[in-house]
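Observations on chain architecture
What follows is the residue order along each chain.
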Amino acid sequence: MCEKCKGNYYITTPIYYPSSNLHIGHAYCTVATDTMARYKRLQGYNVKFLTGTDEHGQKIEDKAKEAGVTPQQFVDNIVLGEKGVIDLWKLMNISYDRFIRTTDDYHVAAIQRIFKKMYDNGDIYKGSYKGKYCTPCESFWTESQLVDGKCPDCGREVKDAEEEAYFFRLSKYADRIQDLLENTDFLEPRSRVNEMVNNFIKPGLEDLCVSRTSFTWGVPVDFDPGHVVYVWIDALFNYMTALGFENDKYDDLEAFWPADVHFVGKEIVRFHSIIWPAMLMSLGLPLPKKVYGHGWLNFNGEKMSKSRGNVVDPYLLSERFGVDALRFFLLRTFPFGSDGNFTNELLMGTINTDLANTLGNLVSRTVAMSQKYFGGNLGEGGESAPLDEEVKALAAEVIANYEKQMDKFQFSVALNEIFRLLDRANKYIDETTPWILAKTEETMPRLLTVMKNLCECIRISAILITPFMPESAEKILNMLNVPAEARGWNAQCYCADEKAVWNTTVGPVLFPRLDVEKELAALEELKAQAAKAKLPPLEIEPYSDEKVDFDTFCKSDLRAVKVIECKNVKKSDKLLQFTLDDGSGTPRQILSGIAKFYKPEELVGKTLVAITNLPPRKMMSRESNGMLLSAVHTEKGEEKLNLIMLNDAIPAGAKLC
Ligand code: ME8
């Protein structure tokens, strides 16, 4: 640790399942972690922020099989591929210091050693497992834990499972875990403690099945071929292997373990507050200082899930509204420990009210007035008034409250504090009426101080908002030309006195006001386009297994025909009526259901291919003598058809064989 540092700080997100692309719920936790990491860095901590992906397990194996690729290829695509996990975190400005993939060699080898250590110390033993398994959640359940016979986490069907397996002596640690949960601040918010104790510990903690033999995509138990380590053991230890535990890849364990906090979603609190500390106890390792279980984001009142088709795409929203606006919205709107209901209307309302009206307006008015009245240069001098002291006192109070709330992970409350200051500053403009002060020479010194006070309120707010909206905060500080040394946590001087000097530059519009109706329509359109883009680019008809004997095939009389006339058939939006020269001297009439694909005039004069010996057919009371050949396929979900056209040098009636 360097001398200037306040200390080390280790914070983690859950490592994500790359079984499908991440949605806004995943982004929520990562943005919160990033904000906390940036806040701690701002305060002078030496931060290690870990995130990553949890890549083993039956679900991944099944999905890869479905996609016709290897599990490694499958996860590589979702983690590293275009618009994958890494791309998303880059787009969303996630400042992680380390990214772990559980398929990384060093992690796999470390897990094998860890498993063996617990086997050697007697906490892992061999037995036979009979119970229920939820494949999507990769979770074992006892009968009593099921809700209406279904997985208590996701509500889906569970399967019977019985196999030879290794078990971890979780029951042995029940009392110590209960004490940890009830008598320390290990798990927060407090409501989660009751949930864990009442639902899992009091009914009796059973030993945990920690190996599987029915699939192979996992860390192999090296001393017992055929067994793979239960994916949660593999996943939970990522928090330590990523620091160098049981491997030589990294050397940060001493500096950063125990973790200051693991941020996790509420449905995985059980793993983090019961199983994880029990395994650490088994190995005699220090426990993380805190597990914080945040709530879930629902969409329009429903749980977000791929099968419901209601997952919210963070790419789409970031591209449309800006990454900072999205980051801000997530933490401003939903109290971190509770569930929240995401709607696009709420997002846009927050952008308009808080960002465009309150913050954006304050900055643009202040810069515009300082330009208009002082050419952007707020030099020495000025004249204070008692009102300034009130604003100054509020700024100090806001900073103190903000810090208190951030340290409790209460992001929305911390943001409320910043908005108290911003609102106060906007009101200060109305109270001091700079446009009136600017009218007479005698009131110009007062105007100068008013402008400095406004700049100072903006500077403080921008610093406090930096962890939430790093890019916007920088833009704001640039518009006020705040020197680097006045952008830090400790630069809390109140720079509005007579000695203070400010300089402003007109900058970009920070948060343009949104026309909600228009934006909702645009979002629908973008969603439809994105869904289309996800469809396989090209689909061809499946090949037929049924064989046609050669003689039967040769019976089809395929001829080159030239289009003499082509017209739409009245009252039919499908049919085109062709008059064709087939070389026989008598025009041939064919009706074809291709009006969706061609305009009649495009086809006149073209040389096409027709089967000419089909029995005549009546369509819309007209006779069709044959069929025109075309090629069909599907492109991005849309049916495509191309008539087979021959070189026009081929004469009408030429036989195709
Ligand atoms: O659980 N709202 O991975 P995961 C808020 N691999 N948070 C949500 C959410 C929503 N709608 N949907 C998901 C795993 N999350 C394990 C973690 S850690 C050792 C292993 C959160 O990709 C969820 O609560 O299924 C969890 O914290 C995180 O996203 C990762 O979920």
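Residues numbered from 1 in each chain as written. Predicted model: local features only at pLDDT ≥ 70, side-chain atom pairs only at ≥ 80, totals over all residues. Heavy atoms only, no water.

1. Notes on the site of the ligand
In the vicinity of the ligand there are 22 residues, among which Ile15, Asp54, Gly265, Glu267 and Leu297 approach most closely. Here an oxygen atom of the ligand and a side-chain polar atom of glutamate 267 are 2.7 Å apart. Leucine 297 is positioned with one of its backbone polar atoms (N or O) 2.8 Å from a nitrogen atom of the ligand. When contributions to the shell around the ligand are tallied by element, the ones reaching two or more residues are α1 (24–42), α8 (231–236), α9 (238–241) and β11 (261–265). With three residues, the single largest contributor to the shell around the ligand is α8. Residue composition of the shell around the ligand, by class: twelve nonpolar, eight polar and two charged. (Near = heavy atom within 4 Å. Polar contact = N/O pair within 3.5 Å; in protein donor to acceptor, adjacent residues only side chain to side chain. Helix = DSSP H or I, 4+ residues; strand = E, 2+ residues; numbered from the N terminus. Nonpolar A, V, L, I, M, F, W, Y, C, P; charged D, E, K, R; others polar.)

2. Points about the sheet that holds strand β1 (residues 8–12)
Spatially, six strands are ordered β3-β2-β1-β11-β12-β7 in an open sheet, and the strand pairing comes out parallel. Bordering the open sheet on either side are β3 (98–101) and β7 (187–188), each of which pairs with just one other strand. The sheet contact formed by β7 and strand β12 (residues 291–294) spans two bridges and is parallel. Bridging from a neighbouring strand, glutamate 188 pairs with tyrosine 292 of β12. Set on the sheet, helix α3 (residues 71–80) makes contact with β2 (46–53) and β3; between it and β3 the angle comes to about 160°. (Pairing = 2+ DSSP bridges. Contact = heavy atoms within 4.5 Å. Axes fitted to C-alpha atoms, helices over the stretch in contact; angles between N-to-C directions.)

3. Brief notes about the pattern of salt bridges
Per the stated rule, a full pass over the model turns up 35 salt bridges. Put simply, aspartate 430 and arginine 365 hold a salt bridge, and the shortest N to O gap is 3.5 Å. One end of the pair, aspartate 430, is in helix α16 (residues 411–432); the other, arginine 365, is in helix α14 (residues 344–374), with 65 residues separating them in the sequence. Judged by its relative accessible area of 47%, aspartate 430 falls in the partly exposed class. In this structure, aspartate 557 engages lysine 655 in a salt bridge whose closest nitrogen and oxygen atoms are separated by 3.0 Å. (Salt bridge = Lys/Arg side-chain N within 4 Å of Asp/Glu carboxyl O. Buried < 20%, exposed > 50% of the residue type's maximum accessible area, 1.4 Å probe, protein only.)

4. Quick word on the environment of leucine 477
By the secondary structure assignment, leucine 477 is in helix α19 (residues 470–479). Accessibility expressed as a relative area gives 4% for leucine 477, which makes it buried. Separated by 294 residues in sequence, leucine 477 and asparagine 183 place their C-alpha atoms 45 Å apart. With near-sequence residues (within four places) excluded, leucine 477 lies in contact with Arg459, Ala462, Val482 and Arg487.

5. Quick notes on unusual backbone geometry
Going from glutamate 188 to proline 189, the amide bond is cis rather than trans, its omega being -10°. A cis amide bond links tryptophan 257 with the next residue in sequence, proline 258, at an omega value of 5°. By the element assignment, proline 258 lies in the loop between α10 (253–256) and β11. A positive phi angle, close to 45°, is found at asparagine 300, a residue other than glycine. Structurally, asparagine 300 can be placed in the loop between β13 (297–299) and β14 (302–303). With phi around 65°, phenylalanine 409 is a residue other than glycine that occupies positive phi space. In this fold, phenylalanine 409 is placed in the loop between α15 (386–407) and α16. With a relative accessible area of 4%, phenylalanine 409 lands in the buried category.

6. Some points on the packing of aromatic side chains
Across all of its chains, the model carries 35 aromatic pairs by this definition. Here tyrosine 28 and phenylalanine 334 contribute two aromatic rings whose centre-to-centre distance is 6.4 Å and whose plane-to-plane angle is 90°, an arrangement assigned as edge-to-face. With tyrosine 28 in helix α1 and phenylalanine 334 in the loop between α13 (323–333) and β15 (340–342), this pair connects stretches of sequence that are 306 residues apart. You'll find tyrosine 28 and phenylalanine 334 in the same group, each marked buried. We note arginine 212 situated over the ring of tyrosine 133; from NZ or CZ to the ring centre the distance is 4.1 Å. Sitting above the plane of the phenylalanine 271 ring, arginine 270 keeps its charged end 4.6 Å from the centroid. (Phe/Tyr/Trp six-rings, centres within 6.5 Å; stacked < 30°, edge-to-face > 60°. Lys NZ or Arg CZ within 6 Å of the ring centre and 35° of its normal.)

7. Let's talk about helix α2 (residues 58–67)
Within α2, the full set of buried residues consists of Gln58, Ile60, Glu61 and Ala64. For α2, the buried positions fall inside an angular range of 165° around the axis, keeping them on one side. Buried residues in α2 make contact with α3, β4 (124–134), β6 (159–168) and β9 (211–212). (Arc of directions from axis to C-beta.)

8. Some words on the nonpolar core
One finds Phe263 and Phe411 to be the most contacted residues of the largest nonpolar core, which totals 116 residues. Sorting elements by how many residues they give to this core places helix α18 (residues 444–465) first, with 14 residues. In contact with phenylalanine 263, not counting residues within four places along its chain, are Ile11, Thr12, Thr13, Pro14, Cys29, Ala32, Thr33, Met36, Tyr292, Phe336, Phe409 and Phe411. Counting residues in hydrophobic clusters, the runner-up holds 75 residues, among them Val210, Ile233, Leu243 and Leu285. (Core = buried A, V, L, I, M, F, W, Y, C linked by side-chain atoms within 4.5 Å.)

9. What to know about the state of the cysteines
In a disulfide, the sulfur atoms of two cysteines are covalently bonded to one another. Scanning all chains against the criterion turns up zero disulfides. No disulfide involves cysteine 134; its nearest neighbouring cysteine sulfur is the one of cysteine 151, lying 3.7 Å away. In this model cysteine 657 remains outside any disulfide bridge; the closest cysteine sulfur is found in cysteine 554, 8.4 Å from its own. (Disulfide = S-S within 2.5 Å.)

10. Let's talk about helix α6 (residues 174–183)
When we look at burial in α6, the residues that qualify are Ala174, Ile177, Leu180 and Leu181. The buried residues of α6 occupy an angular sector of 130° when projected down its axis, which confines them to one face. Of the exposed residues in α6, the ones pointing more than 90 degrees away from its buried face are Asp175 and Asn183. Against the buried residues of α6 lie β7, α7 (190–201) and α11 (269–282).

11. Thoughts on the pairing of β11
Along β11, five of the five residues are buried, which leaves the element largely enclosed by surrounding structure. Where burial is concerned, the two faces of β11 agree: the one with Val261, Phe263 and Gly265 and the one with His262 and Val264 are both buried. With two bridges connecting them, β1 and β11 associate as parallel partners. What sits directly across from isoleucine 11, in β11, is valine 261. The pairing of β11 with β12 spans four bridges and is classified as parallel. Each bridged residue has a counterpart across the sheet, and for valine 264 the counterpart in β12 is glycine 293. With α11 bridging β11 and its parallel neighbour β12, the resulting β-α-β unit is right-handed. (Right-handed = clockwise from strand over helix to strand, strands pointing away.)

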